[in-house]
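Architecture and fold: a report
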Amino acid sequence: MKALPKIFVSFALILICSRAAADPLTNRLEQIQSDLVRQFSVPVEPWRFQPTDISNAAQPAFDDSAWQSVSPGFSWSGKESSVWFRTKITIPKKIMNQSVEGFPVRLDLGMNCFCELYVDGRLREGFRRDTGLYTLTEHAQPGQTFNVALRAIKGQSHDQFHYARLFYNVLPELGQYLDETIFLNLLMDQVPADQQAVLQKELNASESEIHFTNVTPDNLDAVRAQLVKARTALLPVATITK
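Before going into details, it helps to say that this report is about the structure given with it. (Residues numbered from 1 in each chain as written. Predicted model: local features only at pLDDT ≥ 70, side-chain atom pairs only at ≥ 80, totals over all residues. Heavy atoms only, no water.)

**Quick look at the environment of arginine 128**
- Topologically, arginine 128 is positioned in strand β10 (residues 122–128).
- Taking the C-alpha atoms as reference points, arginine 128 and methionine 111, separated by 17 residues in sequence, lie 7.0 Å from one another. (Helix = DSSP H or I, 4+ residues; strand = E, 2+ residues; numbered from the N terminus.)

**What about the nonpolar core?**
- Formed by 64 residues in total, the largest nonpolar core has its most connected members in Trp47, Trp76, Phe85 and Met111.
- Broken down by element, this core gets its largest block of residues, eight residues, from helix α3 (residues 172–187).
- Those residues in contact with tryptophan 76, other than ones at most four positions away along the chain, are Phe49, Val83, Phe85, Met111, Cys113, Ala152, Ser157, His158, Asp159, Gln160 and Phe161.
- Within the second largest apolar cluster, six residues are counted, among which are Ala58, Trp67, Tyr118 and Ala149. (Core = buried A, V, L, I, M, F, W, Y, C linked by side-chain atoms within 4.5 Å. Buried < 20%, exposed > 50% of the residue type's maximum accessible area, 1.4 Å probe, protein only. Contact = heavy atoms within 4.5 Å.)

**With respect to the pattern of salt bridges**
- Tallying each qualifying case throughout the model produces nine salt bridges.
- Here arginine 106 ties to aspartate 108 by a salt bridge, and the two come within 2.6 Å at their closest N and O atoms.
- Residues joined in a network through salt bridges with shared partners are Asp53, Glu116 and Arg151. (Salt bridge = Lys/Arg side-chain N within 4 Å of Asp/Glu carboxyl O.)

**Remarks on the packing of aromatic side chains**
- Under the defined criterion, the tally for this structure stands at ten aromatic pairs.
- Taken together, a centroid distance of 5.3 Å and an interplanar angle of 65° make the contact between tryptophan 76 and phenylalanine 85 edge-to-face.
- What makes phenylalanine 85 buried here is its relative accessible area of 0%.
- One aromatic cluster in this structure is built from Trp47, Phe49, Phe74, Trp76, Phe85 and Phe161.
- Over the aromatic face of tyrosine 163 sits the side chain of arginine 165, whose NZ or CZ is 4.2 Å from the ring centroid. (Phe/Tyr/Trp six-rings, centres within 6.5 Å; stacked < 30°, edge-to-face > 60°. Lys NZ or Arg CZ within 6 Å of the ring centre and 35° of its normal.)

**Remarks on the packing of α3 against helix α5 (residues 220–233)**
- Contact pair α3 / α5: the axes reach a minimum separation of 10 Å and the direction vectors enclose 30°. Between α3 and α5, the crossing angle belongs to the class labelled roughly parallel. The handedness of the crossing between α3 and α5 comes out as left-handed. Contact residues: α3 offers Glu173, Leu174, Gln176, Tyr177 and Glu180, while α5 offers Arg224, Leu227, Ala230 and Arg231.
- Partitioning the contact of α3 with α5 into residue classes produces four nonpolar, one polar and four charged. (Axes fitted to C-alpha atoms, helices over the stretch in contact; angles between N-to-C directions. Parallel < 35°, antiparallel > 145°, perpendicular 65-115°, else oblique. Left-handed = near helix turned anticlockwise from the far one by under 90°. Nonpolar A, V, L, I, M, F, W, Y, C, P; charged D, E, K, R; others polar.)

**Considerations on the environment of glutamate 180**
- Residue placement: glutamate 180 occurs in helix α3.
- Expressed as a C-alpha distance, the spacing of glutamate 180 and leucine 203, which sit 23 residues apart in the sequence, is 9.9 Å.

**A few points about the packing of helix α4 (residues 193–207) against α5**
- Running from N to C, α4 and α5 point in directions that differ by 170°, and their axes come no closer than 8 Å. Relative to α5, the element α4 is oriented roughly antiparallel. Counted together, Glu202, Ala205 and Ser206 of α4 and Ala230, Arg231 and Ala233 of α5 form the full contact between these two elements.
- Among the residues making up the contact of α4 with α5, the classes are represented as three nonpolar, one polar and two charged.

**Quick word on the sheet that holds strand β3 (residues 68–70)**
- Strands sit in the order β3-β2-β5-β12-β9-β10 across an open sheet of six strands; the sheet is antiparallel. A strand with exactly one partner marks an edge of an open sheet, and here the two such strands are β3 and β10. For this sheet, the mean inter-axis angle between neighbouring strands, taken without regard to orientation, is 25°.
- Sheet topology places strand β2 (residues 47–50) next to strand β5 (residues 82–90); three bridges connect them, and they run antiparallel. (Pairing = 2+ DSSP bridges.)

**Overview of unusual backbone geometry**
- Put simply, glutamate 45 and proline 46 share a cis peptide bond, and its omega is 0°.
- Summarising the element assignment, proline 46 is placed in the loop between β1 (41–43) and β2.
- Within the chain, methionine 96 stands out as a residue other than glycine whose phi angle is a positive 50°.
- Within the fold, methionine 96 resides in the loop between β6 (94–95) and β7 (98–99).
- With phi around 60°, arginine 129 is a residue other than glycine that occupies positive phi space.

**As for the environment of isoleucine 153**
- Positionally, isoleucine 153 belongs in strand β12 (residues 145–153).
- Looking at isoleucine 153, the relative accessible area reads 26%, which means it is partly exposed.
- Along the sequence, isoleucine 153 and cysteine 115 sit 38 residues apart, while their C-alpha atoms lie 5.8 Å from each other.
- Not counting the four nearest positions on each side in its chain, isoleucine 153 is found in contact with Ser81, Ser82, Cys113, Phe114 and Glu116.

Structural measurements only, silent on function.
Here it is in structure tokens:
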């Protein structure tokens, strides 16, 4: 199915915090999305820890066999300005009995200091505290591996590795639909009255396709089918949003 313009996502993210009242369905879907993340996330552990700053520690071939084995929740202190964590991630065939092949996989990370994320030897992003969100792949393949290294730059006398988890997004259509409906609700007051009527009509038609109240491994296919129909019902408004 042809997606609505990508501007939906960026514009919605800019304005979402300013909306006065959320659409009831949007509120429900946001809660379902949070539940989905909890269901289809798994912890990443163990990690190898090095309490000193070492050159080339981000490289996949670096030998960390002598490093301390730790798990998220680990705390450290010391005089060094930076420390390292390393692990290797392998994509499984299934999670919660659902195939992950072809779906996005996101690495969620939390530290109480600034941290640099390296994947397969390349610096991918920096994050502070519990804001590490990095998509390892948009199209997962079972057996695919990623060498992950974290360079944590000391922020306090005692620092902590809060969490590390992988979110297997087996229902990307939910996030896409949320972006689109949030954008349309925000756009409603920005267009002439005749276009508002069209937007509301198509939005109502789209929302009428949504009947699920939760997402489980057992109803994923049915939920996905409803979301496809709901997104298809929004296509007539594409000319207004250009």
